[in-house]
Structures are given as C-alpha cells and as structure tokens.
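Tertiary structure, described
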Amino acid sequence: MVEIRELSKSYGRRTALDKVSLSVSQGAIFGLVGPRGAGKTTLLKILATLAAPSAGDAFVAGLSVVNEPLRVRRQVGYLPSDFGVYPDQTCAEYIAFFAACYGVPPKERATLAADLLQLVDLYHHKDTPANRLTPAMRHRLGIARVLAHDPRVLLLDEPLARLDPRARVEVRALLQELSSMGKTVLLTVPNLAEVQDLCTHAALLQAGRIAQTGPLQDILAATPPYRTIAVKFLGDVRLAMNLIKAAHGVVDVQPFPPPPTSSDAPAGVALLKELRVTFDGAYADASALLRTLMHSGVQVVSFAED
Amino acid sequence: MRAPNLKLPNFQLSPILVKEMGGRMRSAQAYTALTIYLAVASSLAVLIYLVGVSGSPRTVGGTSGVGQVVFYFLVGMQLLLVIFVAPAFAAGAVSFERENKTFDVLRTTPLTPAQIVRAKLIAALGFTLLLLFATLPLFSLAFLLGGVEPRQLIIALCGVLASALLYTLLALYLSARFKTTVGAMLSTYAVVLGIVVGIPLAALIGVSTVDRALVAVYSPLLNRLLNTALIAVISLSPISAIAASEIFFGTSGELWTLTPGAAGIGLLLTLPSPFLILTSVYLAASALLYALTVRRLARIEQQ
C-alpha cells in the first residue's frame, strides 16, 4: 500500500532523511519509532505531499507523491501532531467542511459527519464549537476529520501524545478498528514501548536513517524497547548533555523544550532546563546516570521515565 | 460507516468560499459594520443636503452645487472604505490559517493553491462589494439635486472597484508572505498609503522641484511633457486619479481622454483619462499579484 524508495530530504545542510526505503502492506498498523529529529514527521509530511523529497520517491496505492500529489491526497488522511480548528465551526461543520474539500456531495456530508462523530464518540458534541473541545477530544475530532474522504492510508503524527491514559486506550482501540476495516495506518511514536500492543510492523529511525524494520515482534526480540527519561535540572545544559551522552544505554538526548534565550529569563533567576533521554539500558544504568549527573554538579530536580 | 461518493458534481461552490462567507455573515460584526457604515454615510449625506439646500436659491438647477458636494462626499466615503477596510478583510486570509495551525491540514486536501486563493479573494472582496453597493442608493440624492452626470459615476465606480480589487489582492499576497496577521496587515496599510498618498505627493514635489530647476531654460514643450508625466503618475492613486478625471470631465466634457495644455502651442500629448490609466494599471497589477500569491502558496508546498 505504501512503498518508499531511497527517499532523502535535506533542509539546507541538514539531512532529515537519508535514503529511506520502506514497504507497508494494506491493513498494517505501522509504527515509525525514533527520538525527536529522527525524521519521522518529515517522512509523514512527504507522504502527505506537504513536503517535496530532495531525492527518491514514495508511492501510495501505486501513486507517486512526486508526480501525482493531488491524486495521492485522495488516498491519504494526515493528522499532524499539533493542529488547529476553525473557531467559527461546530464539530459537525468541521467534518462537513473537509468532506466538501474532498468533493463529497452536499447531501452526504451531514450523514457522514454524524457517522464519523459517532465513530470517535463525539456525536453528543456535534453542535459544540470545535475550539471548545478538550485536547483529547480535539484529537479524536482530528481522527474523524482524516476519515472524511474515506482514505486508504492514515498518516498520524504522534497520535498518542498529549492524551490522558483513558483517551490513549480509546485511540488505540479506534486505530485497531480502522485497521480491521482495511485502512493502513502509519503512526509516529518516540519509543517502542508505546506501540508494542498496537503496531503490527515498525521501523526504527535514527538520524534520518532506518536502523531496523520489520514485524514488531522481530524488532522487539532484537531490540529492547527504548524508554524516554525526562531530566529536569538547574545548571549548564552542555555539561549535562555531554555527561548523558557518555553514559551507558543512552541512544539520544534532546533539549525539551528548546532552551530559552537568556533575554527570556528575569535577571538572577535560574532557569529550569529539561532534557529528554532516549534510553535502552537497564535500570541499573539509569541509576548510574543519575549518580553521575549529581556527582558532577548538575542540580537534578527530577529524573523520571516519561 | 458508509463510504462517501467522491464523484465531483459539475458545479460546486468552493468549500472555502462557503466557509469564509458563512463565518463572516454569521457574525454580528458583519451586520454591525454594514449598519454603522450606512448610518454614517447616509446621515452625513443628509446633513450636507440640509445645510446646502438651506443656503441655495430655490430655482431650477439652484441645488446643483449641493448635488456635487453630496456626490464627492459619497465617492470619498467609498474610497476610505476601500483604502482602510478592504485590506483588513484579506490580510489574515492565509496568515491566520498559519497562526491557527489549520493551514497544513487545508494543504493536504485536493484543493489547488489557485482554488484556495480564488476562494479567499472572492470571500474578502465580496464583503467589500456588499458595503460599496449598499451605498449606491445614496447616490440618487446627488442625481436628484442635479449638477452630476451619470458618466461621473462611471469614473468613480471604475476607480473604486479597481482599487478594491488591487488592495484586497495586495493584502492577500502579503498574508501569504507574512507569518503573522499583524505583520501582513501593517505592511498592507504601509503599501496602500504609500500608493494613495505617497505617489501623488512625491510626484507633485518632484515636478515642482524640476520646474524650479528648469525655470532658466523654460520651454513650453518641456513644461507640457512634465505635466503629462505628472498626470500619468498621479493616475496611480485613486484619490488623485478620480479627482483629476472629474475635473477634466467637468471642464472639457471628455470622459475617456484628456490633453494636457491643449490650448498651448506645439506638441499635444493625448492621454487616456486618469481613471482609465488607474483602472488598467490596477487590473494588470491585480493579475500579477494573483499569480504571485498562487505561486507563493505553491512554493510553500515545496518547502
């Protein structure tokens, strides 16, 4: 259903994707796993025809994203990790608007919106302004929106992020239901632990390259699932990053959110910094990392698995 | 869940146009703006009429001066609307989508950049046109009082409509270029005021400076060429173009052309009337801005 061939994408000198090749079969729930900056979102954007590849090509239902982007758009439904809604539309109008954008006839739009809102358990909010929904409900509305034109492939960027535990369970169940309906689902997640009971296949992306791909069980057998550790501290970010990078079991470390500029901080107030550590070591390794940080003068405020 | 029928009918209104127009007309702001604009325009027109009529002789044609004042006042109101209000309707058209994080989702639909730009343009221009045409019945007051010819309305309408189109497209283009609506709005007003006030002002200063410099070598031909250049340049501003066209029409009765210094000696340069220059230049610039806006949206897609 999705065929990616030697796909590369560069932004100036930075390479976001480097000759990525993948194949996703129909009905699969395929997880693109990797830390921030690995190229997951870029890959989804190329498949959604929002970005043009620098080299290579990708095919959705046999259609090239390079040569037939408008036809590809009818085959895919893309849900960005962070998206807005129109403040002057109700939930039903929001779905009906996107159905209209895809050419669904006017007579069918109201029924379609009702069906989709029912599917994502938002029917009782059909007349609620879309911008008044909670983030979790808005996310479900987004999933309903991507289904408005009955696409064959769903591209979901971090669909489980920012959801409360109950909403996560609901979205997982919804994705499995969609997969059973024959939809192919490509989703991005920061670590394998999040999708081990959801995905059928996965690819591990690191620095724009595929480190490993195949059925999820094979990947799990070969690779211990990554965990993300959030480290909040006071002090020098560069020192903390160097110490973390050198520790055993660390796959990647990224500032979260990006460090603020000095002008943002009131004079004399120490800023709390946060690093997200992609970790595949044992608990003893995590403990050793924490000790190293504290003994090296980094004032750790919290150290927890995300 | 039923699979929707994706066959496109032969004719369908753009969903963006329907959404934008529906959203705008659904809000109380639209009706408030329309009511305030009409109330101000009609009360001031009636006030001018009452003040003017009380001091005019009660003879046939005695109120023609009042009719002209009412006419020019209404044209001025329309120009103010086009200069200050029309860009505001379009300046957020694309930048707001970006700020609101709805643009990426919109771009994944099969709508082409040209379809998006067209729908946004019609939606923004539609409301401006509604405001403009709502004041047309007030012009009957001017015609009732006399002193104004229907042909003068052609001059005013051409200038106002061409300006509405250009300034809306300018706002739309800058909205596609700028990341924030505030940035798009401020830059649009800067450019529009530059055109409306800056160009005629610069032309007048330039011509008087050159005039003074050439006083020693005065030649009628040079003087006429300068005047022709001045008329061509001031034709780029709707206020000066409409005013000049109305004045030339009033003095010579010529609607379509004018000949600067026709009474003088030597080479006579006949120009199209300033409102015609304005309309044709603005239409050409509008076509260019439309193409640039579409290209800009298409370029974003390649980033």
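Right, let's get into the packing of aromatic side chains. Counted according to the given criterion, the structure contains eight aromatic pairs over all chains. Relative to F98(A), the ring of Y94(A) has its centre 5.1 Å away and its plane inclined at 70 degrees; by these criteria the two rings are edge-to-face. One end of the pair is Y94(A) and the other is F98(A), both in helix α3 (residues 91-101) and four residues apart, which spans about a single turn. Classification of F98(A) as buried rests on a relative accessible area of 1%. Judged by centre distance (5.5 Å) and plane angle (70 degrees), the rings of F71(B) and Y72(B) are edge-to-face. Of the residues examined, F71(B) reaches a relative accessible area of 0% and is grouped as buried.

Attention now goes to the pattern of salt bridges. Residue and element names in this part refer to chain B. The tally for this structure, following the rule as stated, stands at 13 salt bridges over all chains. A salt bridge links K120 to E20, with the nearest nitrogen and oxygen atoms 2.8 Å apart. Of the two residues, K120 is situated in helix α6 (residues 113-134) and E20 in helix α1 (residues 15-26); the sequence distance between them amounts to 100 residues. Two residues, E97 and K120, come together in a salt bridge whose shortest N-O distance is 2.7 Å. Of this pair, E97 sits in helix α4 (residues 95-99) while K120 sits in helix α6; the two residues are 23 residues apart in sequence, bridging distant segments of the chain. Judged by relative accessible area, which is 2%, E97 ranks as buried.

All names here are of chain A. Ordered by their spatial adjacency, four strands build an open sheet running β2-β1-β4-β5, and the pairing between neighbours is antiparallel. Each end of this open sheet is capped by a strand with a single partner; those strands are β2 (14-24) and β5 (63-64). With two bridges connecting them, strand β4 (residues 55-60) and β5 associate as antiparallel partners. Looking at the pairing, F59 lines up with S64 of β5. Running at roughly 115 degrees to strand β1 (residues 2-11), helix α1 (residues 40-47) makes contact with β1, β2 and β4 of the sheet.

Turning to the packing of helix α5 (residues 135-146) of chain A against helix α6 (residues 165-180) of chain A, a few remarks are in order. Residues and elements named next belong to chain A. It is at 11 Å that the axes of α5 and α6 come closest, and there the two elements cross at 10 degrees. Between α5 and α6, the angle falls in the class roughly parallel. Taking contact as the criterion, the partners of A136, R140 and I143 in α5 are, on α6, A167, E170, V171, L174 and L178. Of the residues assigned to the contact of α5 with α6, the class counts are six nonpolar, no polar and two charged.

With that settled, consider the interface of chain B and chain A. Between chain B and chain A, the residue contacts involve 31 residues of the former and 41 residues of the latter. Of the roughly 3,300 Å² buried between chain B and chain A, counting both surfaces, carbon and sulfur atoms make up 59%. Counting across the chain B and chain A interface gives two salt bridges. When the shortest N-O distance is used, the salt bridge between K45(A) and D104(B) registers 3.8 Å. Run the count over chain B and chain A and you get eight residue pairs in polar contact (both at pLDDT 80 or more). Broken down by secondary-structure element, the contributors of at least two residues to the side of chain B that touches chain A are α1, α4, α5 (103-107) and α12 (274-302) of chain B.

Conventions adopted
- Residues numbered from 1 in each chain as written.
- Chains lettered and ligands numbered in written order.
- Predicted model: local features only at pLDDT ≥ 70, side-chain atom pairs only at ≥ 80, totals over all residues.
- Heavy atoms only, no water.
- Phe/Tyr/Trp six-rings, centres within 6.5 Å; stacked < 30°, edge-to-face > 60°.
- Helix = DSSP H or I, 4+ residues; strand = E, 2+ residues; numbered from the N terminus.
- Buried < 20%, exposed > 50% of the residue type's maximum accessible area, 1.4 Å probe, protein only.
- Salt bridge = Lys/Arg side-chain N within 4 Å of Asp/Glu carboxyl O.
- Pairing = 2+ DSSP bridges.
- Contact = heavy atoms within 4.5 Å.
- Axes fitted to C-alpha atoms, helices over the stretch in contact; angles between N-to-C directions.
- Parallel < 35°, antiparallel > 145°, perpendicular 65-115°, else oblique.
- Nonpolar A, V, L, I, M, F, W, Y, C, P; charged D, E, K, R; others polar.
- Buried area = accessible area lost by both parts, 1.4 Å probe.
- Polar contact = N/O pair within 3.5 Å; in protein donor to acceptor, adjacent residues only side chain to side chain.

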